[in-house]
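Working through the structure, step by step
For reference, the chains in residue letters:
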Amino acid sequence: MGFRNIKIDSNMKLHIKNEQLVIEAGEEVQIPLEDINCIMIENQSVTVSAYFLQKAAEMGIAVYVCDGKHLPNAVLLPMVRHSRHFKILKYQMEAGKPLQKRLWQQIVVQKIKNQALCLEFLELDGAKELFDMCKEVQSGDRTHVEAKAAAFYFRSMYGLGFSRGNDHIINSALNYGYAIVRGLIARSIICYGLEPSIGVFHHSELNNYNLADDMIEPFRPLVDLYVSQHFDIAEIDSSLTPEMKRGLFGIMNFDMDVKGDKRIISNCIDMLVASYSSALQGKRTELDLPELIQLQVHSYE
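Computed from a predicted structure; not experimentally measured.

Attention now moves to the overall build of the protein. When helices and strands are tallied, the protein shows ten helices and ten strands. For 301 residues, the compact-globule formula gives about 19 Å, and the C-alpha radius of gyration of the protein, at 19 Å, lands near that figure. When its C-alpha atoms are laid out on the principal axes, the protein stretches across 55 × 50 × 40 Å. The buried share among the 301 residues of the protein stands at 51%. A separation of at least 24 residues holds for 68% of the contacts in the protein among residues at least 6 apart in sequence. Surface accessibility of the protein: about 14500 Å² in total, with carbon and sulfur atoms responsible for 49%.

The mixed open sheet is built from four strands, whose spatial order is β4-β3-β2-β6. Edge positions in the open sheet fall to β4 (27–32) and β6 (47–48), since each of these has one partner strand only. One ladder, built from two bridges, connects strand β2 (residues 13–17) with β6; its direction is parallel. When the sheet's bridge partners are listed, L14 is paired in β6 with V48. Seen against the sheet, helix α1 (residues 50–58) touches β2, β3 (20–25) and β6 and runs at an angle of roughly 65° to β2.

On to the pattern of salt bridges. Tallied over the entire structure, the rule returns 16 salt bridges. D9 is paired through a salt bridge with K7; the nearest N and O atoms lie 3.6 Å apart. The class of D9 is partly exposed, set by a relative accessible area of 30%. A relative accessible area of 16% places K7 in the buried class.

Following the sequence through the fold, M256 ends up in strand β9 (residues 255–258). Assessed through its relative accessible area of 0%, M256 is described here as buried. Linking M256 and E42, residues 214 residues apart in sequence, is a C-alpha distance of 27 Å. Not counting residues within four places of it along the chain, the set of residues in contact with M256 comprises N114, P218, F219, L222, D261, K262, R263, C268, P290, E291, L292 and I293.

With that settled, the discussion passes to the packing of aromatic side chains. Evaluation of the coordinates by the stated rule reveals five aromatic pairs. Pairing Y158 with F162 gives two aromatic rings, centres 4.8 Å apart and planes at 40°, and the pair type is tilted. Taken as a pair, Y158 and F162 share a single burial class, namely buried. Aromatic rings pair up to connect Y153, F154, Y158 and F162 into one cluster. Its end group placed over the ring of Y178, R220 keeps NZ or CZ at 4.6 Å from the ring centre.

What follows deals with helix α5 (residues 145–158). Compared with an ideal rise of 1.5 Å per residue, which puts 14 residues at 20 Å, α5 spans 20 Å between its outermost C-alpha atoms and is within 8% of the ideal. A positive phi of about 100° marks G159, the residue just after α5.

Attention shifts here to the sheet that holds strand β7 (residues 62–66). Strand order in this open sheet of four strands is β1-β5-β7-β8, and the pairing throughout is mixed. This sheet does not close on itself; its edge strands, each paired only once, are β1 (4–8) and β8 (72–76). Going across the sheet, the axis of each strand differs from the next one's by a mean of 20°, ignoring polarity. Pairing between β7 and β8: four bridges, direction antiparallel.

This part covers the state of the cysteines. Evaluation of the coordinates by the stated rule reveals zero disulfides. Free cysteine: C118, not disulfide-bonded; nearest cysteine sulfur from C134 at 13 Å. Overall, the relative accessible area of 0% leaves C118 in the buried class. Residue C268 stays outside any disulfide, its sulfur separated by 15 Å from that of C38, the closest cysteine.

What counts, and where the lines are drawn
Residues numbered from 1 in each chain as written. Predicted model: local features only at pLDDT ≥ 70, side-chain atom pairs only at ≥ 80, totals over all residues. Heavy atoms only, no water. Helix = DSSP H or I, 4+ residues; strand = E, 2+ residues; numbered from the N terminus. Rg over C-alpha atoms; globule rule 2.2 N^0.38 Å. Buried < 20%, exposed > 50% of the residue type's maximum accessible area, 1.4 Å probe, protein only. Contact = heavy atoms within 4.5 Å. Areas by Shrake-Rupley, 256 points an atom, 1.4 Å probe, with all protein chains shown as cover. Pairing = 2+ DSSP bridges. Axes fitted to C-alpha atoms, helices over the stretch in contact; angles between N-to-C directions. Salt bridge = Lys/Arg side-chain N within 4 Å of Asp/Glu carboxyl O. Phe/Tyr/Trp six-rings, centres within 6.5 Å; stacked < 30°, edge-to-face > 60°. Lys NZ or Arg CZ within 6 Å of the ring centre and 35° of its normal. Expected span 1.5 Å × (residues − 1). Disulfide = S-S within 2.5 Å.

Function cannot be read off these values alone, since they describe shape.
Quick look at the structure:
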């Protein structure tokens, strides 16, 4: 797994030479493909070669492209990255409802726990109430504690008048960060041979990434924590600047905690996806879920 996350926000040419990504912008910069985790292409004037796209897919590099508002709206993912794809697909399709409900319960509990930790780190009221809500989550979350917790959480963070549906810089920042994490999760899901449209809780026929939308839930508070610490709720009419987007893109360099060890978010995602695959195969009952810690950039030793 690579460790470099590259953001392209000016007119450049990208191509491959000798297993290196070559970035041309007046002068050439070369980066080994094996070092690259993902690439964000924000400028619509960037040109890429078909061979670049082929090699990115082959190496499992997530390549994001943005829309006219410079928000991530697509990600290039490999079609074939696992030698036993059909075997894993059968496990997904045959997974029983009791197993799916237990796994979704674990995901919801960890999400709410991470939301509580986020409020604690921000020194805001409401953490205790969220920790208490964790105890109320039943198998399959049939009493919809997740939705109740989310409404309480965002009111605690941004006030009673805040809504996730508002056209606001806070929501723009959250959506940008979530899209980046979602793309990383989708990449990992495919690399582990799972079918991303078959979710645990999400089952929309119009969504090709139901499973990614399940797995992103415990990671959302990491984005929330960053946005709350770096964006001002009072800047209602502001829009995301290139500097802001670079900061949000850098979220994937932060650590979370899994089983007492601090790990970079891409590694946390891989551990969750691998544990889910093992659970489908009856090899385990607990998912490896990430726990929020204070914002900390991963250190490579």
